[in-house]
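In case you want the letters, here they are:
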Amino acid sequence: MEYPNSTFLLKNCRIINPFGSPTVIPNGYIHIQKDTIIATGSGSLPDNGTIIDLGGRTVLPGMINAHTHLYSALALGMPPPNKTPRNFTEILERIWWPLDRALDRESNRASFAVGLLDHLKHGVTTVIDHHSSPNDTRGILTELAQLANQLGMTLSAAFEITDRNGPERFQAGLEENLRFYQETHNTSTVRPLVGLHASFTLSDPSLEAIAEAVKRLPDGGIHIHVSEDQADEKDARDRGYRSVVDRLHHFGLLNRNSLVIHGVHLNREDLPILKTTGAMLVHNPTSNANNRVGLTPGKIVESLHSGLGTDGMQANLLQEAREGNLIRSSHLACGAPNIDLLRALFVNNPRIATHLFGKKIGRLEPGYQADLAIYDYHPRTAITEENWPAHLLYGFDLPSDVMACGVFRIRDREWVDIPAETWLESGRIQSQRLWRFATKDTENTE
Ligand SMILES: [Zn+2]
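Here's a quick rundown of the structure. (Residues numbered from 1 in each chain as written. Predicted model: local features only at pLDDT ≥ 70, side-chain atom pairs only at ≥ 80, totals over all residues. Heavy atoms only, no water.)

## Here's the deal with the packing of aromatic side chains
Using the criterion set out here, one finds four aromatic pairs in the structure. Where Phe-19 meets Trp-388, the ring centres are 5.0 Å apart and the plane angle is 90 degrees; that geometry is what we call edge-to-face. Here Trp-388 lies in helix H13 (residues 388-394) and Phe-19 lies in the loop between strand S1 (7-16) and strand S2 (24-33), a separation of 369 residues in the sequence. Both rings, one in Tyr-375 and one in Phe-396, keep their centres 4.8 Å apart while their planes meet at 80 degrees; by these two values the pair is edge-to-face. (Phe/Tyr/Trp six-rings, centres within 6.5 Å; stacked < 30°, edge-to-face > 60°. Helix = DSSP H or I, 4+ residues; strand = E, 2+ residues; numbered from the N terminus.)

## A closer look at the coordination of the zinc ion
As a benchmark, a tetrahedral metal site with four donors has ideal angles of 109.5 degrees, while an octahedral site with six donors has ideal angles of 90 or 180 degrees. Binding of the zinc ion to the protein goes through His-67 (NE2), His-69 (NE2), His-225 (NE2) and Asp-311 (OD), at separations of 1.9 to 2.1 Å. For the zinc ion, the four donor atoms are set out with angles of 92 to 153 degrees between them, so the coordination reads as irregular. For the zinc ion, the donor residues sit on a single chain with the sequence spacing H-x1-H-x155-H-x85-D. Linking His-69 in the loop between strand S6 (63-68) and helix H1 (88-102) with Asp-311 in the loop between strand S14 (307-308) and helix H11 (317-329), this pair joins segments that are 242 residues apart in sequence. Each member of the pair His-69 and Asp-311 is classed as buried. (Donors = N, O, S within 2.8 Å, 3.2 Å for Na, K, Ca; no water. Tetrahedral: all angles 85-135°; square planar, octahedral: opposite > 155°, others 65-115°. Buried < 20%, exposed > 50% of the residue type's maximum accessible area, 1.4 Å probe, protein only.)

## Points about the environment of Leu-70
With respect to the helices, strands and loops of the structure, Leu-70 is situated in the loop between S6 and H1. Look at Leu-70 and you get buried, because its relative accessible area is 2%. For Leu-70, the contacting residues outside a window of four places in its chain are Ser-111, Phe-112, Gly-115, Leu-116, His-119, Val-127, Asp-129 and Leu-144. (Contact = heavy atoms within 4.5 Å.)

## Comments concerning the sheet that holds strand S7 (residues 124-129)
One key point about sheets: their strands pair by backbone hydrogen bonds, in either a parallel or an antiparallel sense. Here we have four strands laid out as an open sheet, ordered S6-S7-S8-S9, and parallel in their pairing. Unpaired on one side and paired on the other, S6 and strand S9 (190-192) mark the two borders of the sheet. Strand after strand, the sheet turns through a mean of 15 degrees between neighbouring axes, direction not considered. Where S6 lies against S7, four bridges are found, and the strand directions are parallel. Paired with Thr-68 across the strands is Asp-129, a residue of S7. The strands touched by helix H2 (residues 105-121) within the sheet are S6 and S7, with S7 carrying the most contacts at an inclination of about 140 degrees. Strands S6, S7, strand S8 (154-157) and S9 of the sheet are contacted by helix H12 (residues 341-357), whose axis makes an angle of about 75 degrees with S6. (Pairing = 2+ DSSP bridges. Axes fitted to C-alpha atoms, helices over the stretch in contact; angles between N-to-C directions.)

## Describing the side chain of His-119
By secondary structure assignment, the location of His-119 is in helix H2. Here His-119 is in contact with Asn-65, Thr-68, Leu-70, Val-124, Val-127, Met-153, Gln-314 and Ala-315, once residues within four sequence places are set aside.

## With respect to helix H4 (residues 167-184)
Between its first and last C-alpha, H4 extends 26 Å over 18 residues, near the 26 Å set by a 1.5 Å rise per residue. Check the buried side of H4 and you find it contacts helix H3 (140-150), S8, S9, strand S10 (194-198) and helix H5 (204-215). (Expected span 1.5 Å × (residues − 1).)

## Concerning the environment of Thr-277
Looking at the element boundaries, Thr-277 is found in helix H8 (residues 270-277). Looking at Thr-277, the relative accessible area reads 14%, which means it is buried. Discounting residues that sit within four places of it in the chain, Thr-277 has contacts with His-249, Leu-254, Asn-255 and Arg-256.

## Let's talk about H1
Here H1 is 15 residues long and its end C-alpha atoms lie 20 Å apart, about the 21 Å a rise of 1.5 Å per residue gives. Taking the largest bend as the criterion, H1 deviates by roughly 35 degrees, centred on Trp-96, and proline Pro-98 comes between one and four positions later. Residues of H1 that are buried include every one of Phe-88, Glu-90, Ile-91, Leu-92, Arg-94, Ile-95, Trp-97, Pro-98, Leu-99, Asp-100 and Ala-102, and no others. Between the side-chain oxygen of the N-cap and the backbone nitrogen of Thr-89 there are 3.2 Å, and the N-cap of H1 in question is Asn-87. (Bend = angle between axes of the 7 residues up to and from the residue. Polar contact = N/O pair within 3.5 Å; in protein donor to acceptor, adjacent residues only side chain to side chain.)

Laid out in structure tokens, this is it:
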């Protein structure tokens, strides 16, 4: 939806800027210029720009998914393997690796499109993606960036480098990261990172080669699964390192632009390394529960100010916070405090994104990118400065309107200038092709 004036004022809305001061503004306005919030407040309105009446709707910041895999978007409903996986490594070998090997350009495009749509539909306007498609490598991250751009979304992309498909595909993965880095590192809506699958699928010479390449990149950083399962830690110890973090640090791969995903089995010696290097941890509670790999200790999540991701499990970050909260509660004694996943979502994710993208993202405050999730929310109890977390965790459903970079992409529950139905139909067609290829691959592996 185009507005004649690039300055506009959203009025008659309840603003919830989590952990802000104040957090709740009952009858507020948001003043936006192009893609940036220039003021929020209440009372008399600034006399400037086009006025849009939100009719009492509730505005949250557009959310950030700090770790996901859009390539798994077409896995919803995929037939299970004949042999049920018995551990984490078998889950990868029988489900995810056959799926990523089966992806080609058509199914990749369909995955990206429906995966991004799903995020936008849930008010998530920034996606930090970790991509894998070893048989469709060159140029694939550009395809993803073009789709995100079409939707006005902010994207970090990386291609998972691994040794598990042989040296040629290792090299192709590294080259795709470097090519994409050169192409996008000066753009404002795309943040390239160098993707590594995980320590246990990369040899020492491979880590050395990646580290050499990363060192030459301006603001280079990696995006890697770390200590998701005990198998990753055992592999690092078998190779002569104290831990996965120790191994990555040995090669100089951890720095303040690096994303370290999961950290379920981090040990006490890893913490000072992560703190000194400034590498950023991202917790993915529903994925960890689904894979039965354990529970990241609350002290680690809190002391590293961990972000919140979904690891491809879902695109709904409020639901990830809610379900993560419940998963963790089920392991706690009555009365023991839980970690604060809303803080991870609304404070730590914005800090991570703001650092990576070099611009303010994820808060409803002046100077931040105009990303908004707007809800037609009529609660059965009052919303106050004290109780808003309960409403966010247990009250909110889908947004009625979503703005990304100052442009409405969903207005009154309708997509704006986005061919969503065509993309969804393509997802339904491509998913069937993909499942056939993946199933055949799994049968060969078994
Ligand atoms: Zn992941």
